[in-house]
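Chain and residue survey
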Amino acid sequence: MTRVRWNGALILGLLAAVATVGLGVWGWTGPGGDDPLDALYKALQAFVLSENYSDLEQAADARLPLEAARWLGALFAFYAILVLVWSSLGLWRLGLVARGRRGHLVVAGATVFADRLSETAAGGDLKARVIQLRAPDQRPYRRGRLIRLPFHGFDRDGLDEAGARRARRLLIDLADDGAAVDLALAAQRRYPDLAIVTRLKDTNLLRSLHDLPGGKTLRAFSEAEAAAREVVRRHPLFLEARDRGQGRIHAILVGDDDWLEALLVEIILSSRTLTLAKPVLTVAVAEPVGFRRKLAARYPELDREAAVTVIAFEPATFRVMTETAPEAVTAVFVAFDDGAQSLAAALAVRRQALSWPGFGAFIFTRTSGEQGLIRPAAGEPLAVPGEDAFGGLVSFGSLTDVIHATGVLSEAGSRAERAWHEAYLRLHPSSEAAVPWERLSEEYRLSNRRAVAHVYAKLHDAGFDLRAWLATARPWDELPALAPGETLFRDEAELMRLAELEHERWNADRRLLGWRLGESADQPGTQDKLRKLHPCLIDFADLSPDIQR
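Description of the structure in this document. Bear in mind the structure is a predicted one, so any value in this text is a computation, not a measurement.

**Digging into the nonpolar core**
Residues L253, L263, L264, F333 and F396 are the most contacted members of the largest nonpolar core, which totals 49 residues. If you tally residues by element for this core, the top one is helix α11 (residues 257-270), at nine residues. With sequence-adjacent residues up to four places away left out, L263 is seen in contact with A228, V231, L253, F333, A335 and F396. One finds V106, Y191, L194 and A220 within the second-largest nonpolar core, a separate group that totals 29 residues.

**Some details on the pairing of strand β2 (residues 130-134)**
Of all five residues in β2, five are buried, a share of seventy percent or more. Side chains of β2 alternate between two faces, with V130, Q132 and R134 and I131 and L133 buried alike. Across five bridges, the pairing between β2 and strand β4 (residues 146-150) is parallel. Within β4, the residue paired with L133 across the bridge is L149.

**Here we look at the side chain of R505**
Residue position: R505 is located in helix α19 (residues 492-511). Taking the relative accessible area as the measure of exposure, R505 reaches 6% and is therefore buried. A polar contact of 2.9 Å, which involves the side chain of R505, links it to the side chain of E502.

**Some points on the packing of aromatic side chains**
Under the counting rule described, the total for this entry stands at six aromatic pairs. An angle of 80° between the planes, with centres 6.1 Å apart, marks the rings of F313 and F336 as edge-to-face. In this pair, F313 is assigned in strand β10 (residues 307-314) and F336 in the loop between β12 (331-335) and α13 (339-354), connecting sequence segments 23 residues apart. Each member of the pair, F313 together with F336, is buried. Between the aromatic rings of F364 and F396, the centroid separation amounts to 6.4 Å while the plane-to-plane angle is 85°, which identifies the pairing as edge-to-face.

**Concerning the environment of V289**
Checked against the element boundaries, V289 lands in helix α12 (residues 288-298). When its relative accessible area of 45% is taken as the criterion, V289 is described as partly exposed.

**Observations regarding the packing of α11 against α12**
Relative orientation and spacing of two packed helices are given, respectively, by the angle between their axes and the distance between those axes. At their nearest, the axes of α11 and α12 sit 12 Å apart, and the two run at 45° to each other. Relative to α12, the element α11 lies oblique. By crossing handedness, the relation of α11 to α12 is classed as right-handed. From α11, D257, D258, L260, E261 and L264 reach across to α12, where they touch F291, K294, L295 and R298. Here the contact of α11 with α12 is composed, by residue class, of four nonpolar, no polar and five charged.

**Some points on the environment of K278**
Among the secondary structure elements, K278 is positioned in strand β9 (residues 277-285). Along the primary structure K278 and I268 are separated by ten residues, whereas in three dimensions their C-alpha atoms are 8.3 Å apart. In contact with K278, other than residues within four places in its own chain, are R248, R272, R304, E305 and E504. Here R304 takes part through its backbone oxygen, which lies 2.6 Å from a polar atom of the side chain of K278.

**Points about the sheet that holds β2**
One open sheet accounts for seven strands, arranged β3-β4-β2-β1-β5-β6-β7; its pairing is mixed. If you trace the sheet from one side to the other, it starts and ends with β3 (141-143) and β7 (219-221), each paired once. Looking at each pair of strands side by side, their axes are set apart by 20° on average, direction ignored. Where strand β6 (residues 195-199) meets β7, three bridges bridge the pair, whose relative direction is parallel. Each bridged residue has a counterpart across the sheet, and for T198 the counterpart in β7 is A220.

**Thoughts on a nonpolar patch on the surface**
Taken together, L482, L488 and F489 make up a surface patch of nonpolar side chains, about 240 Å² in accessible area. Here F489 shows up in the loop between α18 (466-472) and α19. We classify F489 as partly exposed; its relative accessible area is 36%.

**Digging into the pattern of salt bridges**
On inspection of all chains with the given rule, the structure shows 23 salt bridges. The partner of E305 in a salt bridge is R511, with the nearest N and O atoms 2.5 Å apart. Of this pair, E305 sits in the loop between α12 and β10 while R511 is found in helix α19, placing the two residues 206 residues apart along the sequence. Taken as a pair, E305 and R511 share a single burial class, namely buried. Linking D528 and R531 is a salt bridge whose minimum nitrogen-to-oxygen distance equals 3.8 Å. Classification of D528 as buried rests on a relative accessible area of 13%. Given the relative accessible area of 46%, R531 is considered partly exposed. Through salt bridges that share partners, D115, E119, R134 and R148 make up one connected network.

**A closer look at helix α14 (residues 399-406)**
Among the eight residues of α14, seven are classified as buried, and the element is accordingly described as predominantly covered. Where α14 is concerned, the buried positions are L399, D401, V402, I403, H404, A405 and T406. Close packing links the buried residues of α14 with α5 (112-122), β7, α9 (223-234) and β14 (393-396). Trailing α14 by a residue or two, G407 shows a phi angle of about 70°, which is positive.

**As for the packing of α9 against α11**
The N-to-C vectors of α9 and α11 enclose an angle of 40°; their axes lie 8 Å apart at closest approach. Accordingly, the angle class assigned to the pair α9 and α11 is oblique. Considering only the axes of α9 and α11, their crossing is right-handed. Along its contact with α9, which presents E223, A224, E225, A227, A228, R229, V231 and V232, the element α11 presents D258, W259, A262, L263, E266, I267 and S270.

Conventions adopted
All residue numbers here refer to positions counted from 1 along the written sequence of the relevant chain. For a predicted model such as this one, the threshold for reporting local features is a pLDDT of at least 70, and the threshold for listing and counting side-chain atom pairs is 80 or more; totals across whole chains, interfaces and linings nevertheless cover every residue. Hydrogen atoms and water are omitted, and side-chain values are computed over all heavy atoms in the structure. Within this scheme, the nonpolar core is defined by two criteria: the residues are buried Ala, Val, Leu, Ile, Met, Phe, Trp, Tyr or Cys, and they are joined through side-chain atoms within 4.5 Å. Buried means the residue's accessible area, taken with a 1.4 Å probe over protein chains only, is under 20% of the maximum for its type, while exposed means over 50%, and partly exposed covers the values in between. Secondary structure elements are defined from DSSP: runs of H or I of at least 4 residues count as helices, runs of E of at least 2 residues count as strands, and each element is numbered from the N terminus. Should any heavy atoms of two residues lie within 4.5 Å, those residues are counted as being in contact. Two strands qualify as a pair provided that DSSP identifies no fewer than 2 bridges between them. Identification of polar contacts relies on pairs of N or O atoms within 3.5 Å, with a donor-acceptor requirement for protein atoms, meaning one able to donate a hydrogen and the other able to accept it, and with residues adjacent in sequence counted only if both atoms are side-chain atoms. Classification of ring pairs uses Phe, Tyr and Trp, with its six-membered ring standing for Trp, and accepts pairs whose centres are within 6.5 Å; under 30 degrees between planes counts as stacked, over 60 as edge-to-face, and the remaining range as tilted. Note on geometry: axes are lines fitted to C-alpha atoms, helical ones only across the stretch in contact, with angles between N-to-C directions running from 0 to 180 degrees. Throughout, the term roughly parallel applies to angles under 35 degrees, roughly antiparallel to angles over 145, roughly perpendicular to angles from 65 to 115, and oblique to all others. Each crossing is labelled by how the near helix is turned from the far one, with a counterclockwise turn of less than a right angle marking it left-handed and a clockwise turn marking it right-handed. Throughout, the ten residues Ala, Val, Leu, Ile, Met, Phe, Trp, Tyr, Cys and Pro are labelled nonpolar, Asp, Glu, Lys and Arg are labelled charged, and all others, Gly among them, are labelled polar. Like-charged residues are merged into a patch within 9 Å and nonpolar side chains (Val, Leu, Ile, Met, Phe, Trp, Tyr) within 5 Å, provided each residue has over 30% relative accessible area and no salt bridge. Each accessible area value is a Shrake-Rupley result obtained with a 1.4 Å probe; residue values ignore everything except the protein chains displayed when judging cover. We count a salt bridge whenever a side-chain nitrogen from Lys or Arg sits within 4 Å of a carboxyl oxygen from Asp or Glu.

Here's what the structure looks like:
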């Protein structure tokens, strides 16, 4: 029973009880009747169908109020029994409703993210039907389109109770990443047609997930990677660099390792153009030596894609010591797991920035909330420090950002990636990746997502104005469409330029998946998937004409 209905039932019962007692006291204290205490005692007996009310002939003067109290008390007792039985069957009733749902979203987890996502999906503009499975001691709860049920584990048919077999999507967000992956694998075996998405906090596990038996098609995301993807897509750095007359993107990244690594990867992948030199990234972390080692182990050829400098910052003051020319900075990103720490660090960076003559970059600040700091529209030119009350601070990384970037609540979330894959199938029908999207490994899905994210940079290099489109579009759900009569390229030279840019993007994608230049020892000229070696990780001009086309 919902809270509103339960409150209504209690009020109705209370009114009936007060009326019963009042009528009983009035009747038993009538002319020649009992004293008030005895009358109150007899009045209360109306609820238990006492014999005092069986013969009211002797109370002729007060028979009407006593008859009313007698029947009202009996009805109240029956009503109370019905309410108790109905509420005691709450779990059974909600379970029955849950099992009968179709096309809904199932959320397994009791984290803050799972709670907020469930509430967001069920309310607002989305109005999705959501069933959230929380802790085993969760009381059955229903509010609007959201149902919350206790989750006793997969082995006890916990997902079946939520109607997972007929759901459109399952989102798993448990406190333990290992338990989340185990549940995802088990659910994938039981519900092969169900779209399953898992949120993981451990980025090492996230990157190696496809190596698990049965894990090739599992879809997982981290909050950091999703937020980085969303902010870079909403505000392309190559546009800001162009507007500032810069010859390359230079971003300063300050914060926790996972957030900065996600931003570094996304900036390199989404911002590569032929009109700008390869980006410069200054990364300020608490432990620079450890972060350098991590980058070197994961991305052996990172230096081919960007000039990355890792420096230390002072945790007490968040002071960033950098030799960077202030006018060369395109953007600053401050991202910690703790939103309050991000804001404090961003304000400290802003104070430093105001002392740099010529500094004109905006400061992106990772916050968990969705109010307070400015949130300009996608593609909108941003404020710089000192120009408004917020000092050029722009928020990113909220729950809404993560939802948009992952597409977990959107039917159109992977539409562009699917279309890209279908086009690839038409061009390469015999490739090892020539399988339907549903059976495509997550590594190839990730490559499709990265290819789609880079479309903006290609259009920019082709001379299209993206700001006008970004201002009215949802860049996380759709791609720009050419106007009638427009063409992507006008001659062979422009076509080859786009081909070169796509090869540059492909090089970055491979290198940021850990691949290096090389070839198979057994079959020279071919790739070695086990050792992640590929002979085409070279400049476009050095490729054979067949591969160029």
